[in-house]
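Chain by chain, the residues run as shown.
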Amino acid sequence: MASLSSSAISNHSLSPNAFVSKKICFFSNQCRALLLPQRSPICRMGFVSGLERKKTSKTNIFASVTVDTSVGTSPEKVQLPKGDSWSVHKFGGTCVGSSERINDVAKIILSDESERKFVVVSAMSKVTDMMYDLILKAQSRDETYLAALDAVLVKHRSTAVDLLDGNELGSFLSALNEDISNLKAMLRAIYIAGHATESFTDFVVGHGELWSAQLLASVVRKNGVDCKWMDTREVLIVNPTSSDQVDPDFEKSEKKLEKWYSRNPSKTIIATGFIASTPQDIPTTLKRDGSDFSAAIMGALFKAGQVTIWTDVDGVYSADPRKVSEAVILKTLSYQEAWEMSYFGANVLHPRTIIPVMRYDIPIIIRNVFNLSAPGTKICRSSTTEDEVDQSLESFVRGFATIDNLALVNVEGTGMAGVPGTASAIFSAVKDVGANVIMISQASSEHSVCFAVPEKEVKAVSKALQSRFREALNAGRLSQVQVIPNCSILAAVGQKMASTPGVSATLFNALAKANINVRAIAQGCSEYNITVVLKREDCIRALRAVHSRFYLSRTTIAMGIVGPGLIGATLLDQLRDQAATLKEEFNIDLRVMGITGSRTMLLSETGVDLSRWRELQQEKGERADMEKFVQHVHGNHFIPNTVLVDCTADSVIASHYYGWLRKGIHVVTPNKKANSGPLDQYLKLRALQRQSYTHYFYEATVGAGLPIINTLQGLLETGDKILRIEGIFSGTLSYIFNNLVGRRTFSEVVAEAKQAGFTEPDPRDDLSGTDVCRKVIILARESGLKLELSDIPVESLVPEPLKDSASAEEFMQKLPQFDHDVAKKRQIAEDAGEVLRYVGVVDVVNQKGVVKLQAYKNDHPFAQLSGADNIIAFTTTRYKDQPLIVRGPGAGAEVTAGGVFSDILRLASYLGAPS
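Residues numbered from 1 in each chain as written. Predicted model: local features only at pLDDT ≥ 70, side-chain atom pairs only at ≥ 80, totals over all residues. Heavy atoms only, no water.

**Q** Describe the environment of His195, with residues and values.
**A** With respect to the element layout, His195 can be found in the loop between α7 (166-193) and α8 (198-205). A relative accessible area of 27% means that His195 is categorised as partly exposed. (Helix = DSSP H or I, 4+ residues; strand = E, 2+ residues; numbered from the N terminus. Buried < 20%, exposed > 50% of the residue type's maximum accessible area, 1.4 Å probe, protein only.)

Here is the structure:
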């Protein structure tokens, strides 16, 4: 017994290799004469330890469960078939939790009409926890581990008696008893040593899968089907990369699979999930929930037709149904969407399950073993056609997931900006303490980096960062390493949702309406998720708020479209394309009761057929009469809600808003004239809006479909204070100055922009800066400033002598004569390492605004812009050192109409849909 000391185990004199081989079973008949069965298990363990120290290779030891007496001895090598003929199934612990359920699983396998079936099973329900508990009790020197092991024995023995008879029962019970005897000896050794290595733990806990696989294989054979069972430790080779992650070695695993199959050819194979081996043949596991991963890896090795994951739910939900009772089953998900939802805590799949099957485009089906009538959720690669169908049938946001018990770590300081290696040093320190970074957010200014880690790891992370950056903190280059505890992550997931106008606006507006403050935001370029960090106590409320906003309930609205020009016509086409989906999927009925232009109007009693609205306008159009138009749209008593959508840029139309709101008519518009017109009229309009139950939405007045107004309102509604808003608000001027590079002249780029359709027919309308000024006024008034349009100094880019040019053509012809003015400013900027940008600024602190040509350093976010994108930076009391930045396409009929459409749907949520 002295040879089995704690130090001996610590020095690996007793290792899993002592229990692992592929030739002879642990304490088998071949070695019993040597191992003296009348001696105690401890003495036997000591003998094994001695064998290990002597490097004896003749007596190889392996758990009895790995010996399959049915292994053929034919010298002929059987070729492993691969491809769609294989169907892979995975059944979790709940699915095989009792003898009755194991029988049900066998029926599912037998009913599968696939030519070949490979089935991966987990341990019976709760058994893995029981096995971990054995280890915990033994290393804690708790004698009750023996009783706990007996409970494991009883559970599997009683299940076998229920399911099997004859030789199958005798064979299984013999193997089971031998395994229990071996485990008892190993646990005794752990009890004496007082600790267990990871390898020992993996070896012990993997027995649950071995037993369930043998049980299920026996039941299938009992039903007359030839079936082999596989100990995947003989096939699946993985390389441990960390304490909770492994990487499969596909090349070695494939060779071992071919070798195994040549000895065990069968059209039905039952295999163990969760367990595998290292390249050194040491037993290991794929960690918690690893059976899904096992199935995906084996599916990839077989190049199977599909992998079906059988669970106890009907499929993948749009949110956790335990937190959101209205959550719905998603029919399909892309691999990327499933990965995102899995990563962010949704109970979908093992986070790495998707990776192996993606290599061969193998679909994964999530199905309910207890409800075979449910089709489940299909996870596959989305084709272009599928994407187009999805846009008309499903929400762009496919689901929401949350992660709790996190802390936010914020490292900030002016000394970080532009210093190479700072981020590397931060995350190197985090890696050194073994912490897992869940999310990272960094502003373009590089002034600060914040990231989320599990709360249990934050103390070690903070201590490591304080140590690593002690000198920088003392010198003032870093101002602080701040820890914000009690956080949760909420992730919205959907393919291409972030590039869809209005999605981000709707998300943040839903949170603001629920009075929930966002602590950090992250969005990847892949556009598959938008992630926000919230207070933990707000998490469920936030989840319900955003879910209800994107899965709207029934509401009916009578609509009147004013101005079927470029934006209005695009909106009508978008409504046409989406109308059926809104009715069928979201129970929203948007009925266009009338369309009016400046000369003709089209009225309908039941709703205009949007597939023919242009033809109907020609055939049935009548002389435009605004009063009659409004009366018609608003006078339908069967539809209580009315909205007028003004898609013009007409100040006369904007002057009607006050009267419409007084009548209880909602207004949605991209028209800037009302909010940038005379201050007294604006204040009167907003006062009425706040006092009444009617809504006035105008997101598209600034930034088209970008969530600028909503973001600003959300900040104000949650109690934030706006200090400064600065941005590039003109897509035309953004394009011009982004392309004013090299030897190109100002007039040359303006001509190019005009040719590409970026400018108004007369470029002076853009170059005058008036449009930017109107956007600045709108944001200034939204922030609480009482400014008139005339209060904003505007630096016009139209040369003074050309302001009165007779035509746009004459202006363009003479513009090259004035290129030197811009060229001179550009040269000064370049000499200072800067670029020119045409910006609007709202200085809330000093209660003023300005529109001007401004130079910015080359590393400034505004200098990084490309194309015709807009970018807006909000500096607030919460976002003081690191402004909140919104960037994206801010002009164009599609995105502007999309922004208006988003406002209409937002109105629907206010008028009856849950919020």
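**Q** I'd like a description of the packing of α8 against helix α9 (residues 207-222), backed by residues and values.
**A** For the pair α8 and α9, interaxial distance at closest approach is 4 Å and the crossing angle is 20 degrees. With respect to α9, the element α8 is oriented roughly parallel. Facing α8, whose interface residues are Phe203, Val204 and Val205, α9 presents His207, Gly208 and Glu209. The class makeup of the residues in the contact of α8 with α9 is 3 nonpolar, 2 polar and 1 charged. (Axes fitted to C-alpha atoms, helices over the stretch in contact; angles between N-to-C directions. Parallel < 35°, antiparallel > 145°, perpendicular 65-115°, else oblique. Contact = heavy atoms within 4.5 Å. Nonpolar A, V, L, I, M, F, W, Y, C, P; charged D, E, K, R; others polar.)

**Q** So what about the sheet that holds strand β26 (residues 722-728)? Which residues, and what values?
**A** Sheet strands pair by backbone hydrogen bonding; their relative direction is either parallel or antiparallel. On the basis of which strands lie adjacent, the open sheet formed by 5 strands has the order β28-β27-β26-β29-β30 and antiparallel pairing. Of all strands in the sheet, those with a lone pairing partner are β28 (848-857) and β30 (884-889), marking the two edges. Across the sheet, the mean angle separating the axes of adjacent strands is 20 degrees when strand polarity is ignored. In this structure, β26 lies alongside strand β29 (residues 869-876), joined through 6 bridges in antiparallel fashion. Pairing of Ile725 across the sheet is with Phe874, part of β29. Contacts between helix α31 (residues 770-782) and the sheet are confined to β26, β27 (834-843) and β28, with β27 contributing the most and set at about 40 degrees to the helix. (Pairing = 2+ DSSP bridges.)

**Q** Explain the sheet that holds strand β6 (residues 268-272) to me, and be specific about the residues and the numbers.
**A** With mixed pairing, 8 strands are arranged side by side in an open sheet as β3-β6-β2-β1-β9-β11-β12-β10. Two strands in the sheet have a free side with no partner beyond their single neighbour: β3 (228-230) and β10 (332-334). Strand-to-strand, the axes of this sheet are offset by a mean angle of 20 degrees, without reference to chain direction. Here 3 bridges tie strand β11 (residues 364-368) to strand β12 (residues 377-380), and the two strands are oriented antiparallel to one another. Looking at β12, one finds that Ile365 is bridged to Lys378. Each of β10 and β12 touches helix α12 (residues 335-343); the most contacted strand, β10, lies at about 90 degrees to it.

**Q** Got a sec to walk through helix α26 (residues 679-691)? Specific residues and values, please.
**A** Its 13 residues give α26 an end-to-end C-alpha distance of 18 Å, which sits within 8% of 18 Å, the value for a rise of 1.5 Å per residue. Looking only at α26, the buried set comprises Leu679, Tyr682, Leu685, Arg686, Leu688 and Gln689. Buried residues in α26 make contact with α24 (657-662), α25 (673-676), β25 (696-697) and α31. (Expected span 1.5 Å × (residues − 1).)

**Q** Kindly report on unusual backbone geometry, identifying the contributing residues and their values.
**A** Phi at Lys303 takes a positive value of approximately 55 degrees, unusual for a residue other than glycine. Structurally, the position occupied by Lys303 is in the loop between α11 (290-302) and β9 (306-311). Positive phi, normally seen in glycine, also occurs at Asn405, with a value near 60 degrees. Mapped onto the secondary structure, Asn405 falls in strand β13 (residues 399-412). On the basis of relative accessible area, Asn405 is assigned to the partly exposed category, the value being 44%.

**Q** Could you give me a rundown of α8, with the residues and numbers involved?
**A** The buried count for α8 comes to 6 of 8 residues, which makes it a mostly enclosed element. Those residues of α8 that fall on the buried side of the exposure criterion are Phe200, Thr201, Asp202, Phe203, Val204 and Val205. Of the surrounding secondary structure, the elements contacted by the buried residues of α8 are α5 (127-139), α7, α9 and β8 (283-285).

**Q** Which residues make up the confidence of the model for the protein chain, and what are the values?
**A** The share of residues in the protein chain with pLDDT of 70 or more is 85%, and the mean pLDDT across the chain is 84. Residue range residues 1-75 is modelled with pLDDT below 50. Its contacts to residues more than four positions away, or to other chains, number 128 contacts. Low pLDDT, under 50, characterises residues 383-394; the stretch is placed with 12 contacts to residues that sit more than four places away or in other chains. (pLDDT = per-residue confidence, 0-100.)

**Q** Which residues make up the side chain of Thr159, and what values go with them?
**A** Tracing the sequence through the fold places Thr159 in helix α6 (residues 145-163). Within the structure, Thr159 has its side chain in polar contact with the backbone oxygen of Lys155 (distance 2.7 Å). If we ignore the near neighbours within four places in the chain, the residues touching Thr159 are Ser99, Ile102, Met124 and Leu215. (Polar contact = N/O pair within 3.5 Å; in protein donor to acceptor, adjacent residues only side chain to side chain.)

**Q** Tell me what's going on with the pattern of salt bridges, and back it up with residues and numbers.
**A** The final tally for this structure, using the stated rule, is 38 salt bridges. Across the pair Lys814 and Glu810 runs a salt bridge, and its minimum N-O distance is 3.0 Å. Of the two residues, Lys814 and Glu810 both sit in helix α32 (residues 808-814), 4 residues apart, roughly one turn of that helix. Accessibility expressed as a relative area gives 32% for Lys814, which makes it partly exposed. One salt-bridge network, held together by shared partners, links Asp573, Arg576, Asp577 and Arg614. (Salt bridge = Lys/Arg side-chain N within 4 Å of Asp/Glu carboxyl O.)

**Q** How would you sum up the pairing of strand β2 (residues 116-121)? Please name residues and give values.
**A** Most of β2 is tucked away: 6 of the 6 residues are buried. Alternating residues of β2 divide into Arg116, Phe118 and Val120 and Lys117, Val119 and Val121, and every residue in both groups is buried. In this structure, strand β1 (residues 86-91) lies alongside β2, joined through 6 bridges in parallel fashion. By the bridge assignment for β2, Ser87 is matched with Lys117. Following the backbone out of β1, through helix α4 (residues 99-111) and into the adjacent parallel β2, one traces a crossover that is right-handed. (Right-handed = clockwise from strand over helix to strand, strands pointing away.)

**Q** Just give me the short version of the nonpolar core, but keep the residues and values in it.
**A** Ile725, Ile736, Phe737, Phe746, Leu767, Leu779 and Phe874 are the most contacted members of the largest nonpolar core, which has 70 residues in total. If you tally residues by element for this core, the top one is α31, at 7 residues. With sequence-adjacent residues up to four places away left out, Phe746 is seen in contact with Ile736, Phe737, Leu740, Leu767, Leu797, Leu815, Asp819 and Val822. With 55 residues, the next largest nonpolar core counts Leu164, Leu187, Val205 and Ile275 among its residues. (Core = buried A, V, L, I, M, F, W, Y, C linked by side-chain atoms within 4.5 Å.)

**Q** Go over the packing of aromatic side chains, please, and point to the residues and values.
**A** Taken as a whole and assessed by the stated rule, the structure comprises 12 aromatic pairs. A ring pair is formed by Phe91 and Trp310, whose centres lie 5.8 Å apart and whose planes are at 10 degrees; its orientation type is stacked. Taken together, the residues span a long stretch of sequence, with Phe91 in strand β1 and Trp310 in strand β9 at a distance of 219 residues. Residues Tyr657 and Trp660 carry aromatic rings whose centres are separated by 5.9 Å and whose planes lie at 35 degrees to one another, so their mutual orientation is tilted. A residue pair is termed a helical-turn pair when its members lie 3 or 4 positions apart in one helix, as Tyr657 and Trp660 do in helix α24 at 3 residues. An aromatic cluster is defined as three or more aromatic residues linked by ring pairs; in this entry it consists of Trp86, Phe118, Tyr261 and Phe302. Across the ring face of Phe250, the terminal group of Arg359 is positioned such that the distance to the ring centre comes to 4.5 Å. Above the plane of the ring of Tyr682 lies Arg781, whose end atom (NZ or CZ) is 5.1 Å from the centre. (Phe/Tyr/Trp six-rings, centres within 6.5 Å; stacked < 30°, edge-to-face > 60°. Lys NZ or Arg CZ within 6 Å of the ring centre and 35° of its normal.)

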